[in-house]
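Okay, here's what each chain looks like letter by letter:
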Amino acid sequence: MSHAAVLSKPVLIAAERPFAQVVVHTDMRRAQDDWAQLEECSGYSAYQRRDWILPWLGSIGRAEGWSPAVIVARDARGRPVALLPFGVVPRGPLRLAEFLGGKDVNYALGLFRPGVTFAADDLRELMRQGPKATPGGVALFSLVNQPATWRGLANPFLQLPHAPSPADGYAAKLTRPAEAFLQTRLSKDARKKLRKKEQRLAGMGALAHVRATTPDEAHEILSAFTAQKAARMKEKGLDNVFEGAAAEEFLARVAIEPLARGKAPAVELHALKLDDRVIATFAGAACAGRFSGMFNSFDVDPEIGKSSPGDLLLCKIIARLCDEGMEEFGLGVGAGRYKAAFCDIQDPLFDAYVPITASGRVLMWVKSRKRRLKRWIKNDPRLWAAVAAVRRLKR
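Residues numbered from 1 in each chain as written. Predicted model: local features only at pLDDT ≥ 70, side-chain atom pairs only at ≥ 80, totals over all residues. Heavy atoms only, no water.

It is not clear to me how the sheet that holds strand S7 (residues 94–99) should be interpreted in this structure. Could you clarify?
Sheet strands pair via backbone hydrogen bonds, and the direction of the pair is either parallel or antiparallel. Spatial strand order, S3-S6-S7-S9-S20-S12: 6 strands in an open sheet with mixed pairing. Here the strands that pair on one side only, and so sit at the sheet edges, are strand S3 (67–68) and strand S12 (162–164). Pairing analysis gives 6 bridges linking strand S6 (residues 86–91) to S7, with the strands arranged antiparallel. Note on S7: the bridge partner recorded for Val89 is Leu96. (Pairing = 2+ DSSP bridges. Helix = DSSP H or I, 4+ residues; strand = E, 2+ residues; numbered from the N terminus.)

Structure (structure tokens):
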């Protein structure tokens, strides 16, 4: 029997649990059927879709040393009732289990079948099976950036000991018509200023909103995004997480390759163009009535930047989403001026840790305090300003 087959062997569970057996998939091919079944009925974000997770695992995840450890609970009929999309990644001498997608995920969630209730001890039992089936074991489950609720349902992991994440998410309920929605979010003065900025840009050339529908359009937008993001991160003295071959491979696999196969991309690419020049970009993914923004950029040329091309593009995208009947719109995790302007909902996020070994308990203590310190700094304007000043000096 192959190594993968041994690791995928189901473990029988006592009858009082809401599941009858547990299987841990260390080969993603073996997880596909369970994942597909739960995608049809459970609540999850775009970051738990297989067409996002699999390209990430094969590019950024591979470069960072991730290996899958997807935990599936099945009922007595063999139906999957929960899927925890975990991966194992080395952190120094220890091995951590985290949600697949790592720091690239805004919202980390498990997939749970509606109507099946999981208590805190049921979740711990699922996670106790992970290290048994994972080569090298696991010291700690580090489950960060989880929404307290998702689409109106409580997150089962909220039952575990937890603490607030360093930052919350930003979202809005969309309504039609689009103009009425934008009027509720932007003041009359703000809308007037944006119209003047759009007129100014239109006086410089042909202004157009483009959504990539061909590989060439997607490649053009990604090329502009890469250059604009690199310039912006250098200007702010920050590391560019989108730099490198692995990130480029991931973006190509989720945004370009599906279009080449005649399929809808996992990640939509939008651009604001001035003649043939891309002056702003925005990327996001639609999932179950919610469009989640993932990354954006704008031209740092002062002549372009003073006309707020990023805000203008965002207005056009939101208007299109409203007219298409999208229910919700999200701008991800972390505060920002434009997020506060367009979003009136803050999604509380939390971190939970489940140590498996003594060294895992020590690591939990360190990580939880670092996250607490990060939240404290982010929520204190004076401290956050000091951090920004240090970054400018570093630049």
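Got a minute to help me understand unusual backbone geometry in this structure?
Negative phi characterises most residues that are not glycine, and trans characterises most peptide bonds. Going from Arg176 to Pro177, the amide bond is cis rather than trans, its omega being 0°. Considering the arrangement of structural elements, one finds Pro177 in the loop between strand S13 (169–173) and helix H5 (178–185). In the Ramachandran plot, Asn145 falls in the positive-phi region, its phi being about 55° despite a non-glycine side chain. At Arg151, a residue that is not glycine, the phi angle is positive and equals roughly 50°. Along the chain, Arg151 turns up in the loop between strand S10 (149–150) and strand S11 (153–154).

What should I look at first to understand the pairing of S13 in this one?
Working note: regular strand, side chains alternate between the two faces of the sheet. Counting buried residues along S13, 4 of its 5 residues qualify, which places the element largely inside the surrounding structure. Pairing of S13 with strand S18 (residues 328–333) involves 5 bridges; the strand directions are antiparallel. Within S18, the residue paired with Ala172 across the bridge is Phe329. Note: S13 against strand S19 (residues 345–347), 3 bridges, orientation antiparallel. Bridged to Ala171 within S19 is Ile345. (Buried < 20%, exposed > 50% of the residue type's maximum accessible area, 1.4 Å probe, protein only.)

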